[in-house]
Amino acid sequence: MFGLFSKKNNNECPIDSETRLWMENAFLWLATQFGHDNIATKPMLLPTPEHFPIRYDGSIESLIKTAEIVALQMEIDIYEINLDTYEQNIQEFSGDFGHRIWTEVDKDSDEKLAAGLYFDKNDQGKYNIFIEKKNLSDGENLVATLAHEFSHIKLLGEKRLDFNDEQLTDLTPVVFGLGIFNANSAHKEWKSFDSYGHNSIGYLKQREWGYALALYAYFRQEENSDWIKYLTANIKSDFKQSMDFINANKDKVFIEEYNGGS
């Protein structure tokens, strides 16, 4: 009966072995693509007025100013982006140059709830990126959405991949020091007087975000990560458990190869 109250194994990885190996190898691939030293030393952006001195009032101005900060952090020329907004389930998107892009939204697909949409360069040589309007009033969600869509530019637009990989796209903001925003937006609870639930943005699961941020801290050799105070409680818990696992398994982390689950 005393086993019911046994202490939890702090060295247990919060994600399964296959996902862990994929994430570690994917992280190293991203670091190689964007520079190991660059990733290890690039300042991290935090959800503070110091890093984002913007009033999130739902205005286009707040979208543009946030996009400029995120683009600079991700080493993207903001002038190569045609940025616009849309509302969920509206299937017609108009750009600044008068052309139209159509998308068929499948009612049974998660795409109908997309926080943002990415399209490759148009005839004017600009990437088309559309942000769902409701995100303009939530600074954290807006940064996370922009970081994800801008990651498509880094991977697809800059020809590092010739196919779309949403999980890898989700992981990319982490190496650019934007992981707090995407992790926190992965699972947000909401409550009203008679109900509660949660909203999410992205493709990685909550525990995977915790492990991704732990890999980021470990890669940068951070003994104490002051930025964890900005993580939501669930993400923070998964991060700490992930760090315990990594510190207890330094002979495995970033060393074992991923074989694709075979």
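Above: the structure in question.
Residues numbered from 1 in each chain as written. Predicted model: local features only at pLDDT ≥ 70, side-chain atom pairs only at ≥ 80, totals over all residues. Heavy atoms only, no water.

Q: Would you explain the overall build of the protein in this entry?
A: Helix and strand content of the protein: eight helices and seven strands. Within the protein, buried positions represent 49% of all 262 residues. Sequence separation of 24 or more characterises 69% of the internal contacts of the protein that already satisfy a separation of 6 or more. Surface summary for the protein: the accessible area is close to 14200 Å², and the carbon and sulfur share equals 47%. (Helix = DSSP H or I, 4+ residues; strand = E, 2+ residues; numbered from the N terminus. Buried < 20%, exposed > 50% of the residue type's maximum accessible area, 1.4 Å probe, protein only. Contact = heavy atoms within 4.5 Å. Areas by Shrake-Rupley, 256 points an atom, 1.4 Å probe, with all protein chains shown as cover.)

Q: Where do I start with the sheet that holds strand β4 (residues 116-121) in this structure?
A: Paired through their backbone hydrogen bonds, the strands of a sheet run either parallel or antiparallel. The strand order across the open sheet formed by three strands is β1-β5-β4, and the pairing between neighbours is mixed. Each edge of the open sheet carries a strand with a single partner, namely β1 (81-86) and β4. In this sheet, adjacent strand axes meet at a mean angle of 15° when their direction is disregarded. Direction of pairing for β4 relative to strand β5 (residues 127-132): antiparallel, over a ladder of five bridges. What sits directly across from L117, in β5, is F130. (Pairing = 2+ DSSP bridges. Axes fitted to C-alpha atoms, helices over the stretch in contact; angles between N-to-C directions.)

Q: Could you clarify how one ought to interpret the packing of helix α1 (residues 17-34) against helix α5 (residues 166-175) in this entry?
A: Interaxial distance between α1 and α5 falls to 10 Å at its minimum, and their mutual angle equals 60°. In terms of orientation, α1 and α5 fall into the oblique class. The interaxial crossing formed by α1 with α5 has right-handed handedness. Of α5, the residues touching α1 (which contributes W22, M23, A26, F27, W29, L30 and F34) are Q167, L168, L171, T172, V174 and V175. A class-by-class count of the residues in the contact of α1 with α5 yields eleven nonpolar, two polar and no charged. (Parallel < 35°, antiparallel > 145°, perpendicular 65-115°, else oblique. Left-handed = near helix turned anticlockwise from the far one by under 90°. Nonpolar A, V, L, I, M, F, W, Y, C, P; charged D, E, K, R; others polar.)

Q: Whenever I open this one, the packing of aromatic side chains confuses me. Can you help?
A: Remark: the centre distance and the inter-plane angle together describe each pair of aromatic rings, the angle taken between the planes. Under the definition given, this model contains eleven aromatic pairs. Summarising the aromatic geometry, the rings of F219 and F254 are spaced 6.2 Å apart at their centres and angled 80° between planes, so their arrangement reads as edge-to-face. Of the two residues, F219 is situated in helix α7 (residues 206-219) and F254 in the segment after α8 (233-248); the sequence distance between them amounts to 35 residues. One exposure class covers both F219 and F254, and it is buried. Following the ring pairs from residue to residue traces out a cluster consisting of F27, Y218, F219 and F254. (Phe/Tyr/Trp six-rings, centres within 6.5 Å; stacked < 30°, edge-to-face > 60°.)

Q: Got a minute to help me understand α5 in this structure?
A: Burial runs high along α5: nine of the ten residues are buried. The set of residues buried in α5 consists of E166, L168, T169, D170, L171, T172, P173, V174 and V175. Looking at the packing, one finds that the buried side of α5 touches α1, α2 (36-41), α4 (139-157), α6 (179-185) and α7. By the N-cap criterion, in which a side-chain oxygen at the helix start approaches the backbone nitrogen of a residue two or three places on, α5 is capped by D165, the distance to Q167 being 3.2 Å. (Polar contact = N/O pair within 3.5 Å; in protein donor to acceptor, adjacent residues only side chain to side chain.)

Q: How should I be thinking about the pattern of salt bridges in this particular structure?
A: Side chains that carry opposite charge are capable of pairing whenever their charged atoms lie near each other. Counted according to the given criterion, the structure contains eight salt bridges. With a shortest N-O distance of 2.9 Å, E61 and K65 are connected by a salt bridge. Within this pair, E61 and its partner K65 are both found in helix α3 (residues 60-73), separated by four residues, close to a single helical turn. The partly exposed category is assigned to E61, whose relative accessible area is 47%. Among the ionic contacts, a cluster of salt bridges with common partners joins R20, E24 and E256. (Salt bridge = Lys/Arg side-chain N within 4 Å of Asp/Glu carboxyl O.)

Q: Sorry if this is basic, but what is going on with the side chain of S62 here?
A: Along the polypeptide, S62 turns up in helix α3. Ignoring any residue separated from it by four or fewer positions in sequence, one finds S62 in contact with I54, R55, Y56, D57, L136 and L142.

Q: Looking at this structure, how should I read the packing of α1 against α7?
A: The relative placement of two packed helices is expressed as an angle between their axes plus a distance between the axes. At a closest axis distance of 11 Å, the pairing of α1 and α7 adopts a crossing angle of 45°. Classified by the interaxial angle, the pair formed by α1 and α7 is oblique. α7 is crossed by α1, and the crossing has right-handed handedness. Contacts between α1 and α7 pair T19, R20, M23, E24, F27, L28 and A31 from the former with E208, Y211, A212, L215, Y216 and F219 from the latter. The residue makeup of the contact of α1 with α7, split by class, is nine nonpolar, one polar and three charged.

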